[in-house]
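Here are the chains, one letter per residue:
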Amino acid sequence: MTALADSVFLRAARGEEVSHTPVWFMRQAGRSLPEYLKVREGIGMLESCMNPDLVTEITLQPVRRYGVDAAIFFSDIVLPLKAVGVDLDIKAGIGPVVANPVRTLADVEAIPDLTPEHVGFITQAVQNLVGELGGTPLIGFAGAPFTVASYLVEGGPSKEHAKTKAMMFGAPEVWDALMRKIGQIATAYLKVQVDAGASAVQLFDSWAGALTPEDYRTAVMPHSSRVLAAAGELGVPRIHFGVGTSNLLTLMGEAGADVVGVDWRTPMAQAISQVGDRGVQGNLDPTLVFAPTEVMLERAAQVIEAGRAAKGHIFNLGHGVIPSTNPDQLKRLTDFVHSYV
């Protein structure tokens, strides 16, 4: 446990001195790995996420291959909804699809609260992983209330989030109830993971970039703050990440993050000035792994150098690994970050 607590990833997340910049990749568990495609063959995404042995294997694969400084639990942000009985599926090439989108207060009230009994397979998988990972931290995660609400209201992925915003603006009582419901589910889900041994958590607000700062502050931030505050009581570092959130980084930090994830659209130096006395995570453009290796590494060096000004810096891509990524490039990138001084 001493080696785990002293890991370079957790030290950076706490803003402590590190021997090198730690690195892991969002969506590193799966996506581009041939060994992942092999074990997932013929098995649906949600079915895979509910199989503790498969979750354990997939989560470990990038740690073995790349030697990254943290593992990210293999799952999906809509899994807790599935676990409590929401009729949804993850369709290849589309994403999460909800059979009966939420429209009314009765729809919200029909969604059960999440209890540990709903996700016993998560407890088992995390315990398995902690036993295998040793001194490598495991990051647990959950979907933030706004992003999960968008899936529930839209019935699937959306570019405009029109129905979601229509509820937020036009039916505030339904919106508040839905956000509180998802907040409870996210809080309970993170607690299950930490209780089983996860060393840090990340709250994914993938679609928060669709919001203005004022709308985020009034209709979304209070709900994310409650989730992050509850996670803080568990005694683990909290990372908060969104896509296209240059205008929200200060607020996302104030919501309760120890580390703010930065996507590739925001220069790291600018992000550091926005988040205040917090760590940052990111933010190499995920497409740079398709560039010549020397170009990728040159840009990675720029990110690392900029990150030195932060309270703590965890190197990552500015979003998830693209499925067609060459794993050898991620290995070269990991080795470069580890050797950079």
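Residues numbered from 1 in each chain as written. Predicted model: local features only at pLDDT ≥ 70, side-chain atom pairs only at ≥ 80, totals over all residues. Heavy atoms only, no water.

A. Just helix H10 (residues 162–170), in detail. What H10 keeps buried is the set Thr164, Met167 and Met168. Taken end-on, H10 shows its buried residues confined to a sector of 100°, consistent with a single buried face. Summarising the geometry of H10, the exposed residues directed more than 90 degrees from the buried face are Phe169 and Gly170. (Buried < 20%, exposed > 50% of the residue type's maximum accessible area, 1.4 Å probe, protein only. Helix = DSSP H or I, 4+ residues; strand = E, 2+ residues; numbered from the N terminus. Arc of directions from axis to C-beta.)

B. Highlighting the packing of aromatic side chains. In the structure shown here, the tally under the stated rule is 7 aromatic pairs. Between Tyr151 and Trp207, the ring centres sit 6.3 Å apart and the planes meet at 65°, which makes this aromatic pair edge-to-face. Of the two residues, Tyr151 is situated in helix H9 (residues 145–154) and Trp207 in the loop between strand S5 (200–205) and helix H12 (213–232); the sequence distance between them amounts to 56 residues. Ring plane angle 80° and centroid distance 6.2 Å describe the contact between Phe204 and Phe241, whose orientation is recorded as edge-to-face. Linking Phe204 in strand S5 with Phe241 in strand S6 (residues 238–242), this pair joins segments that are 37 residues apart in sequence. Considered together, Phe204 and Phe241 belong to a single accessibility category, that of buried residues. Pairwise contacts between aromatic rings join Phe141, Phe204 and Phe241 into one cluster. The residue whose ring lies beneath Arg265 is Trp264, and the NZ or CZ to ring-centre distance is 4.0 Å. (Phe/Tyr/Trp six-rings, centres within 6.5 Å; stacked < 30°, edge-to-face > 60°. Lys NZ or Arg CZ within 6 Å of the ring centre and 35° of its normal.)

C. Representation of the environment of Glu57 in the model. Note that Glu57 resides in helix H5 (residues 52–66). A relative accessible area of 26% means that Glu57 is categorised as partly exposed. For Glu57 and Leu129, which are 72 residues apart along the polypeptide, the C-alpha to C-alpha distance reads 8.6 Å. Setting aside anything within four residues of it in sequence, one finds Glu57 in contact with Val39 and Arg64. Here the side chain of Glu57 touches Arg64 through a polar contact of 2.9 Å, side chain to side chain. (Contact = heavy atoms within 4.5 Å. Polar contact = N/O pair within 3.5 Å; in protein donor to acceptor, adjacent residues only side chain to side chain.)

D. The pairing of strand S4 (residues 138–143), seen in detail. Burial analysis of S4 places 6 of its 6 residues in the buried class, the great majority of the element. Where burial is concerned, the two faces of S4 agree: the one with Leu138, Gly140 and Ala142 and the one with Ile139, Phe141 and Gly143 are both buried. Note: strand S1 (residues 71–72) against S4, 2 bridges, orientation parallel. Within the sheet, the bridge partner assigned to Ile72 lies in S4 and is Ile139. (Pairing = 2+ DSSP bridges.)

E. Fine view of the pattern of salt bridges. Across all of its chains, the model carries 13 salt bridges by this definition. Measuring nitrogen to oxygen at the nearest pair gives 2.9 Å for the salt bridge that ties Arg180 to Asp176. Placement of both Arg180 and Asp176 in helix H11 (residues 172–196) is noted, with a separation of 4 residues, approximately one turn of the helix. Assessed through its relative accessible area of 47%, Arg180 is described here as partly exposed. Residue Arg238 is joined to Asp258 by a salt bridge in which the shortest nitrogen-to-oxygen separation is 3.0 Å. One end of the pair, Arg238, is in strand S6; the other, Asp258, is in the loop between helix H13 (249–254) and strand S7 (259–261), and 20 residues separate them in sequence. Residue class for Arg238 comes out buried when judged on its relative accessible area of 16%. Judged by relative accessible area, which is 25%, Asp258 ranks as partly exposed. Within this structure, Asp6, Arg11, Arg14 and Glu16 form a network of salt bridges that share partners. (Salt bridge = Lys/Arg side-chain N within 4 Å of Asp/Glu carboxyl O.)

Note that every value here comes from positions in space, so none of it alone points to a role or purpose.
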